[in-house]
There are 2 protein chains.
Amino acid sequence: MDSARSKAEPGPAPGEMRDREEGLAFKAKFGADGLATCVAIDASRGDVLMVAHMNEAALRATLATGVVHYWSRSRGALWRKGDTSGQTQTLVELRVDCDQDAFLALVEVGGDGGACHTGRRSCFYRRVETDGDTTRLAFVEPPMTRR
Amino acid sequence: MDSARSKAEPGPAPGEMRDREEGLAFKAKFGADGLATCVAIDASRGDVLMVAHMNEAALRATLATGVVHYWSRSRGALWRKGDTSGQTQTLVELRVDCDQDAFLALVEVGGDGGACHTGRRSCFYRRVETDGDTTRLAFVEPPMTRR
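One numbering rule holds for all chains: residues counted from 1, following each sequence as written. Written order decides the labels, with chains lettered from A and ligands numbered from 1. Whole-chain, interface and lining totals are the exception, using all residues; otherwise, since this is a predicted model, local features are given only for residues with pLDDT of at least 70 and side-chain atom pairs are given and counted only at 80 or more. Hydrogen atoms and water are omitted, and side-chain values are computed over all heavy atoms in the structure.

Undergrad: Requested: an account of the overall build of chain A, with residues and values cited.
TA: Numbering goes from the N terminus for both helices and strands, where a helix is a DSSP run of H or I of at least four residues and a strand is a run of E of at least two. When you go through chain A residue by residue, the secondary structure sums to 2 helices and 8 strands. Helices (α) and strands (β) of chain A occur, in sequence order from the N terminus, as α-β-β-α-β-β-β-β-β-β. Principal axes of the C-alpha set define a box for chain A whose edges measure 55 × 45 × 30 Å. Counting all 147 residues of chain A, 52% fall into the buried class. Pairs of residues are marked as contacts when any of their non-hydrogen atoms sit within 4.5 Å. Counted over contacts in chain A with a minimum sequence separation of 6, partners at least 24 positions apart contribute 41%. Between buried and exposed lies partly exposed: a residue is buried under 20% and exposed over 50% of the maximum accessible area for its type, with that area taken using a 1.4 Å probe on protein chains only.

Undergrad: Outline the pattern of salt bridges, listing residues and values.
TA: Basic side-chain nitrogens of Lys or Arg form a salt bridge, by our definition, when they fall within 4 Å of a carboxyl oxygen of Asp or Glu. Overall, the coordinates contain 18 salt bridges over all chains when judged by the stated rule. Measuring nitrogen to oxygen at the nearest pair gives 2.6 Å for the salt bridge that ties Glu-22 of chain A to Arg-120 of chain B. In this pair, Glu-22 of chain A sits in helix α1 (residues 14-22) while Arg-120 of chain B sits in the loop between β6 (102-109) and β7 (126-131), so the two residues belong to two different chains. For Arg-120 of chain B, a relative accessible area of 3% translates into the label buried. Arg-121 of chain A is the salt-bridge partner of Asp-47 of chain A, the closest N and O atoms lying 2.6 Å from each other. In this pair, Asp-47 of chain A is assigned in the loop between β1 (36-42) and β2 (48-54) and Arg-121 of chain A in the loop between β6 (102-109) and β7 (126-131), connecting sequence segments 74 residues apart.

Undergrad: Please give an account of the side chain of His-69 of chain B that cites residues and values.
TA: Along the chain, His-69 of chain B falls in strand β3 (residues 69-72). With residues up to four places along the chain from it excluded, the contact list for His-69 of chain B reads Met-54, Ala-58, Ala-61, Thr-62, Leu-78, Trp-79 and Arg-80 of chain B.

Undergrad: Can you lay out the relation of the copies chain B and chain A for me, pointing to particular residues and giving the numbers?
TA: One chain copy maps onto the other through a rotation about an axis and a shift parallel to that axis. We place the copies in one frame by least squares, fitting the C-alpha atoms of every residue whose pLDDT is at least 70 in both. Superposing chain B onto chain A takes a rotation of 180° plus a shift of 0.0 Å along the axis, which leaves an RMSD of 0.0 Å. Taken together, the turn and the small shift mark the pair as related by a two-fold rotation axis.

Undergrad: Outline the side chain of Gln-87 of chain B, supporting the account with residue identities and numerical values.
TA: With respect to the helices, strands and loops of the structure, Gln-87 of chain B is situated in the loop between β4 (77-80) and β5 (89-96). Overall, the relative accessible area of 3% leaves Gln-87 of chain B in the buried class.

Okay, here's the thing in structure tokens:
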């Protein structure tokens, strides 16, 4: 049971776990804080745009409207991505992981095509470089040219 | 400040935030539980394999050894992915997001090439299908043929 139970909370019976992993019932599992991680990827290009969180309301709103909603931890509010920035995320497909506590949203991005408030397409615009004791960041993605 | 402060905790001064987002200093931010999300993608194919968590020890071990370590929440232990399964993840590149509280690991997978303990390459092997009131899952990825 190495990798096996990496993300599962302790406790579930084997049958319940099998159901969760191999069944067709959607039983989204939220953490103690009511949140689950959602990774957004560009549906056409396939690259990772951002990592954010959904609570149950955000998940429901996303599925009901086809527009991705997150839970803003800083504002403590439901957040329809793009409301201010125009960087809406239209849901193409939502996937769930083995133990149903993380989501992968394949999205089509509106506005300038970006997802990051810093002006990059992706929030992951820096890589970590380590050389013995020194660890620094290096940019791998420039800001988009604003229209 | 819509998308802007989606993931930041409340409180940081503007200068500190700019530093964190636009600087080259690596200041990984862990949650109250000591964990940060890490998304693993296959470095060659680019697809998302899994979402797991790192604490500071896992991050350090990953950077020091070049082999991806996570924190197993279920076992409450440092977890070198692949120790049992053979599905090691050799780090090709580690990226960090804008506010430095999430990581993206580009990895080369050992063993059978998979990441999920259920026998699929990716943990995200089911999509969510919704049709009015009914929400079900559908498989999008079959188990790998075991060697």
